[in-house]
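# Reading the structure
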Amino acid sequence: EGFGIPVLDAYLLGINVLASNIPSHREIADISSENHHLRLLDLTNINSWISSLNEIAYANDVCEDVRENRISNFNLALISYKASFNSKLSDLILM
């Protein structure tokens, strides 16, 4: 996945994300200074992947309020992205 859309979706939902340290994922990490839900890992360091997977697997489940907040944040971001996409698409069509 070179565009990072699944990583971006999960990140916006506040879900813990493990992703390879590639440029598109670094752009997502740069969205916020608080990217504690996104871990970019070196593909060649298998131990970091194993330890990160174990940390996520044994983390506590999230409560309903957190889950609802994640969905709300995702919906707000989706509205913004749709508006931006539609605007850019209109600009291209009217050129």
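In what follows, the structure referred to is the one given above.
To keep things clear, this report deals only with the structure shown in the data block. Quick caveat, the model's predicted, so the values are computed rather than measured.

### Concerning the packing of helix α1 (residues 5–12) against helix α4 (residues 64–93)
At their nearest, the axes of α1 and α4 sit 8 Å apart, and the two run at 130° to each other. As far as their axial angle goes, α4 and α1 are oblique. Residues Leu-8, Asp-9 and Leu-12 of α1 form the contact with α4, whose own contacting residues are Arg-70, Asn-73, Phe-74, Ala-77 and Tyr-81. Here the contact of α1 with α4 is built from residues that sort into five nonpolar, one polar and two charged.

### Points about α1
Three or more residues of α1 are buried, namely Val-7, Leu-8, Ala-10, Tyr-11 and Leu-12. In this fold, the buried residues of α1 make contact with β1 (17–20), α2 (23–29), β2 (38–41) and α4. One or two residues past the end of α1 sits Gly-14, with phi positive at roughly 80°.

### Overview of the pattern of salt bridges
Charged atoms that come close allow side chains of opposite charge to pair. Counted under the stated rule, the structure contains one salt bridge. In this structure, Glu-55 and Arg-39 form a salt bridge, with 2.8 Å as the shortest nitrogen-oxygen distance. Note that Glu-55 is positioned in helix α3 (residues 46–57) and Arg-39 in strand β2, a separation of 16 residues in sequence. The class of Glu-55 is partly exposed, set by a relative accessible area of 46%. Exposure remark for Arg-39: the relative accessible area of 27% places this residue in the partly exposed category.

### Some details on the pairing of β1
Alternating positions in β1 separate into two faces, Val-17 and Ala-19 on one and Leu-18 and Ser-20 on the other, with burial throughout. Pairing between β1 and β2: four bridges, direction parallel. Bridging across to β2, Val-17 finds its partner in Leu-38.

### Points about α3
A rise of 1.5 Å per residue sets the reference length of α3, with its 12 residues, at 16 Å; its end C-alpha atoms lie 16 Å apart and thus fit the reference within 8%. Among the residues of α3, Ser-48, Trp-49 and Ser-52 are the ones counted as buried. One side of α3 carries all its buried residues, which in axial view fall inside an arc of 100°. α3 presents Ile-46, Asn-47 and Ala-57 as exposed residues on the side facing more than 90 degrees away from its buried surface. In this fold, the buried residues of α3 make contact with β1 and β2.

Here is what the cut-offs are and how they apply
Residues numbered from 1 in each chain as written. Predicted model: local features only at pLDDT ≥ 70, side-chain atom pairs only at ≥ 80, totals over all residues. Heavy atoms only, no water. Axes fitted to C-alpha atoms, helices over the stretch in contact; angles between N-to-C directions. Helix = DSSP H or I, 4+ residues; strand = E, 2+ residues; numbered from the N terminus. Parallel < 35°, antiparallel > 145°, perpendicular 65-115°, else oblique. Contact = heavy atoms within 4.5 Å. Nonpolar A, V, L, I, M, F, W, Y, C, P; charged D, E, K, R; others polar. Buried < 20%, exposed > 50% of the residue type's maximum accessible area, 1.4 Å probe, protein only. Salt bridge = Lys/Arg side-chain N within 4 Å of Asp/Glu carboxyl O. Pairing = 2+ DSSP bridges. Expected span 1.5 Å × (residues − 1). Arc of directions from axis to C-beta.

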